[in-house]
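Listed below are the residues making up each chain.
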Amino acid sequence: ATLIALYTTDVGFRLFVYRQAFFHCNWNILDLAVVVSDVVLQAASWLLGDGSLPSFAVLRICRIFRLLRLVRLLLFFRELHLMLIGFLSAMRAMFWASCMLMMML
């Protein structure tokens, strides 16, 4: 629910700032559709209960597209991309170090 509130605030601010220009970008329209559908599904789950709603796998795919947009942004900024690669490499090294420690114990 917290992420839905953040995404709703983000889309709301972008709508306020860009006004009519907001609808000229397809990424903004995708974000708006995903956020509105999430808000509607969250409200329906609160009203009807969690078990009575069907699974919406298509909406999950739209959320993945939203994450791909973030990856595209990271690739645009070289420094952020290098930091992300370094972080992932460090996490991989820590994983293998912890596996080695578990084998030794």
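Cut-offs applied
- Residues numbered from 1 in each chain as written.
- Predicted model: local features only at pLDDT ≥ 70, side-chain atom pairs only at ≥ 80, totals over all residues.
- Heavy atoms only, no water.
- Helix = DSSP H or I, 4+ residues; strand = E, 2+ residues; numbered from the N terminus.
- Buried < 20%, exposed > 50% of the residue type's maximum accessible area, 1.4 Å probe, protein only.
- Contact = heavy atoms within 4.5 Å.
- Areas by Shrake-Rupley, 256 points an atom, 1.4 Å probe, with all protein chains shown as cover.
- pLDDT = per-residue confidence, 0-100.
- Expected span 1.5 Å × (residues − 1).
- Arc of directions from axis to C-beta.
- Patch = residues over 30% accessible without salt bridge, like charges linked within 9 Å, V, L, I, M, F, W, Y side chains within 5 Å.
- Salt bridge = Lys/Arg side-chain N within 4 Å of Asp/Glu carboxyl O.

Below, the discussion takes up the overall build of the protein. Summing up its helical and strand segments, the protein has four helices and zero strands in all. From first element to last, N terminus to C terminus, the protein shows the α and β order α-α-α-α. A total of 105 residues make up the protein; the buried ones form 14% of that total. Put simply, 51% of the contacts in the protein that link residues at least 6 apart link residues at least 24 apart. Accessible surface, the protein as shown: approximately 8600 Å² in total, 76% of it carbon and sulfur.

Further remarks concern the confidence of the model for the protein. On average, the protein scores 82 in pLDDT, and the residues at 70 or more come to 88%. Confidence, expressed as mean pLDDT per element, reaches its minimum in the protein at helix α3 (residues 57–76) with 71 and its maximum at helix α4 (residues 78–104) with 91.

In a regular helix each residue adds 1.5 Å, so 17 residues correspond to 24 Å; helix α1 (residues 2–18) covers 24 Å between its end C-alpha atoms and thus fits that length. Looking at α1, one finds that the buried residues are Ile4, Val11 and Arg14. Relative to the axis of α1, the buried residues are bounded by an arc of 95° and lie together on one face. Residues of α1 that are exposed and angled more than 90 degrees away from the buried face: Thr2, Leu6, Phe13, Phe16 and Val17. Following α1 by one or two positions, Arg19 adopts a phi angle in the positive range, close to 50°.

The subject of this paragraph is a nonpolar patch on the surface. On the surface, a nonpolar cluster with roughly 750 Å² of combined accessible area is contributed by Leu67, Leu70, Leu73, Phe76, Phe77, Leu80 and Met83. Elements with a contribution of two residues or more to the nonpolar patch: α3 and α4. For the nonpolar patch, the leading source of residues is α3, giving four residues. Tracing the chain through its elements places Leu67 in helix α3. By relative accessible area, Leu67 is classed as exposed at 52%.

It is worth spelling out the pattern of salt bridges at this point. Where charged atoms of side chains with opposite charge meet at close range, the side chains can pair. Here the structure, examined in full by the defined rule, presents two salt bridges. With its nearest N and O atoms 3.0 Å apart, the salt bridge here joins Arg14 to Asp10. Within this pair, Arg14 and its partner Asp10 are both found in helix α1, separated by four residues, close to a single helical turn. The class for Arg14 is buried, based on a relative accessible area of 13%. Residue Asp10 is classed as partly exposed on the basis of its relative accessible area of 30%.

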